[in-house]
Amino acid sequence: MFKKVYTQQYPFDYYPPQPRYHGRHVLNRHPDGLEKCVGCELCAWACPADAIYVEGGDNTATERYSPGERYGAVYQINYLRCIFCGLCIEACPTRSLTMSNEYELALDNRQELIYTKEQLMAPLLPGMEAPPHPMRLGEDEQDYYTVKTQAPLQTGAPQSTANVAGKPITGHAVEVGRHGARK
């Protein structure tokens, strides 16, 4: 009560948000670059604001985007509707969708606040190859969901490099609701 009040001079004084802050969504990748999203549409069903639109596509032998039978061919999040509740994160069975700490989502154009799959995908890190390509971590999709193949992702590398405003993102994707996750 007797402390001096300090007014943050945003954007010149930038304080990063708390680690568990629910910010912009990120679609993650497997260590070889394949997408984790299997196009199941559970995130869209769980969204109370109807902000997510997903269309699944089928993988073929020549074009493989995810280790499963299907992948998310079209993925959109309308940030004009999103209430950042995190229910979509809880519904994702493959842990494909996470939320970063990025909160600077204000734009002049309403159309630019509908993020597409290309804007939501995590960048390719060193050692990853852009899909489509064959599975590299094993013969079947079960090999992709073992602890051994996910070990490189446990280091907490940044999920993207810049937001729409061009400012670097320093936050890490936070997996919500996995308090007792098995190791």
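For the structure, see preceding data.
Calculation rules
Residues numbered from 1 in each chain as written. Predicted model: local features only at pLDDT ≥ 70, side-chain atom pairs only at ≥ 80, totals over all residues. Heavy atoms only, no water. Helix = DSSP H or I, 4+ residues; strand = E, 2+ residues; numbered from the N terminus. Contact = heavy atoms within 4.5 Å. Areas by Shrake-Rupley, 256 points an atom, 1.4 Å probe, with all protein chains shown as cover. Polar contact = N/O pair within 3.5 Å; in protein donor to acceptor, adjacent residues only side chain to side chain. Phe/Tyr/Trp six-rings, centres within 6.5 Å; stacked < 30°, edge-to-face > 60°. Buried < 20%, exposed > 50% of the residue type's maximum accessible area, 1.4 Å probe, protein only. Pairing = 2+ DSSP bridges.

For the protein, the count of helices and strands is 4 helices and 5 strands. Overall, the protein shows an N-to-C arrangement of helices and strands of β-α-β-β-α-β-β-α-α. At a minimum sequence separation of 6, the contacts of the protein that also span at least 24 residues come to 74%. Summed over its atoms, the accessible surface of the protein is roughly 11300 Å², and 54% of this surface lies on carbon and sulfur atoms.

In this structure, Asn109 sits in the loop between β4 (97–99) and β5 (114–115). At a separation of 3.1 Å, a polar atom in the side chain of Asn109 contacts the main-chain amide nitrogen of Gln111.

Moving on: the packing of aromatic side chains. The final tally for this structure, using the stated rule, is 5 aromatic pairs. Ring plane angle 15° and centroid distance 5.7 Å describe the contact between Tyr79 and Phe84, whose orientation is recorded as stacked. Residue class for Phe84 comes out partly exposed when judged on its relative accessible area of 26%. Taken together, a centroid distance of 4.9 Å and an interplanar angle of 85° make the contact between Tyr79 and Tyr115 edge-to-face. One end of the pair, Tyr79, is in the loop between β3 (70–78) and α2 (87–91); the other, Tyr115, is in strand β5, with 36 residues separating them in the sequence. In this structure, Tyr79 and Tyr115 share a single accessibility class: buried. An aromatic cluster of at least three residues, connected via ring pairs, comprises Tyr14, Tyr21 and Tyr103.

Taken together, the 7 bridges between strand β2 (residues 52–58) and β3 define a ladder with antiparallel strand orientation. Residue pairing across strands places Asp58 opposite Arg70, the latter belonging to β3. Direction of pairing for β3 relative to β5: antiparallel, over a ladder of 2 bridges. Paired with Asn78 across the strands is Ile114, a residue of β5.

For the rest of this paragraph, the subject is the sheet that holds β3. Pairing is antiparallel in the open sheet, where 3 strands are placed in the order β2-β3-β5. Each edge of the open sheet is held by one strand with a lone partner, namely β2 and β5.

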